[in-house]
Amino acid sequence: MEDQTQHEQAPPEVQKRIQDSFDRQGLMAHLGARITHIGPGRVHIVLPSRSEVTQQHGYFHAGATSAIADTAGGYAAYTLFPEDTEVLTVEYKINLLAPAIGAHIEAVGTVLKAGRTLTVCQLDVFGVTDDGDRKLVANGQQTLIRVKRPEQ
């Protein structure tokens, strides 16, 4: 059954903070990834298929898959953090369950447990075809740390 909170939107000021931070990520811009959903404790990132993000067999590269999964989880946690803080990944583990193929892949980061210092997220990545068929291609877990925003 689909999670009812999946489509809940974060408040506009949180969405702006997340999108502004995401827009400063050089790697996400380089890969061509974009955020498609920002909800409380849940973020979706889509990466369109193109040769620059594939490996030698034509599948999405594990590095690209892992990068958008890590980023989706980080921003999912960040939606729950106070405005004067930042998020950093402490560790993550990802299992590649099937070759990542499709028109795009979609990473979904979901907060499992939000803490004062450490937050744990679930990471799911789906291969999505042009007609909308979705297949789970990777799954993982991540630990993030909340830190004070450095003085500018």
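Above this text you will find the structure in question.
If you're wondering where the values come from, they're calculated on a predicted model, not measured in any experiment.

A closer look at the environment of T54
Link 1 in the chain: Locating T54 in the fold gives a position in the loop between β2 (42-48) and α3 (62-78).
Link 2 in the chain: The partly exposed category is assigned to T54, whose relative accessible area is 22%.
Link 3 in the chain: Setting aside residues up to four positions removed in sequence, T54 forms contacts with Y59, F60 and H61.
Link 4 in the chain: Reaching out from T54, the side chain makes a polar contact with the backbone oxygen of S51 at a distance of 2.9 Å.

Here's the deal with the layout of surface pockets
Link 1 in the chain: Space inside the largest pocket adds up to approximately 200 Å³.
Link 2 in the chain: Forming the boundary of the largest pocket are 13 residues, of which Q25, T71, G74, Y75 and V87 lie nearest the centre.
Link 3 in the chain: Mapped onto the lining of the largest pocket, the elements with two or more residues apiece are α3 and β3 (85-96).
Link 4 in the chain: No other element matches the five residues that α3 contributes to the lining of the largest pocket.
Link 5 in the chain: Of the residues belonging to the lining of the largest pocket, the class tally is five nonpolar, five polar and three charged.
Link 6 in the chain: By volume, the second largest pocket is sized at about 160 Å³.
Link 7 in the chain: Every residue lining the second largest pocket is listed: E13, V14, R17, D20, S21, R24, Y78, E83, E86 and R149.

Section: the packing of aromatic side chains
Link 1 in the chain: All told, the structure shown has three aromatic pairs when counted by the stated rule.
Link 2 in the chain: Relative to Y75, the ring of F22 lies with its centre 6.1 Å away and its plane at 65 degrees, an arrangement referred to as edge-to-face. Linking F22 in helix α1 (residues 12-23) with Y75 in helix α3, this pair joins segments that are 53 residues apart in sequence.
Link 3 in the chain: F22 sits in the buried class, given a relative accessible area of 4%.

The rules behind each value
Residues numbered from 1 in each chain as written. Predicted model: local features only at pLDDT ≥ 70, side-chain atom pairs only at ≥ 80, totals over all residues. Heavy atoms only, no water. Helix = DSSP H or I, 4+ residues; strand = E, 2+ residues; numbered from the N terminus. Buried < 20%, exposed > 50% of the residue type's maximum accessible area, 1.4 Å probe, protein only. Contact = heavy atoms within 4.5 Å. Polar contact = N/O pair within 3.5 Å; in protein donor to acceptor, adjacent residues only side chain to side chain. 1 Å grid on protein atoms, 1.4 Å probe; cavity = no way out; pocket = protein on both sides within 12 Å on 5 of 7 lines; lining within 4 Å. Points joined across faces, edges and corners; volume = space filled by probe spheres on them. Nonpolar A, V, L, I, M, F, W, Y, C, P; charged D, E, K, R; others polar. Phe/Tyr/Trp six-rings, centres within 6.5 Å; stacked < 30°, edge-to-face > 60°.

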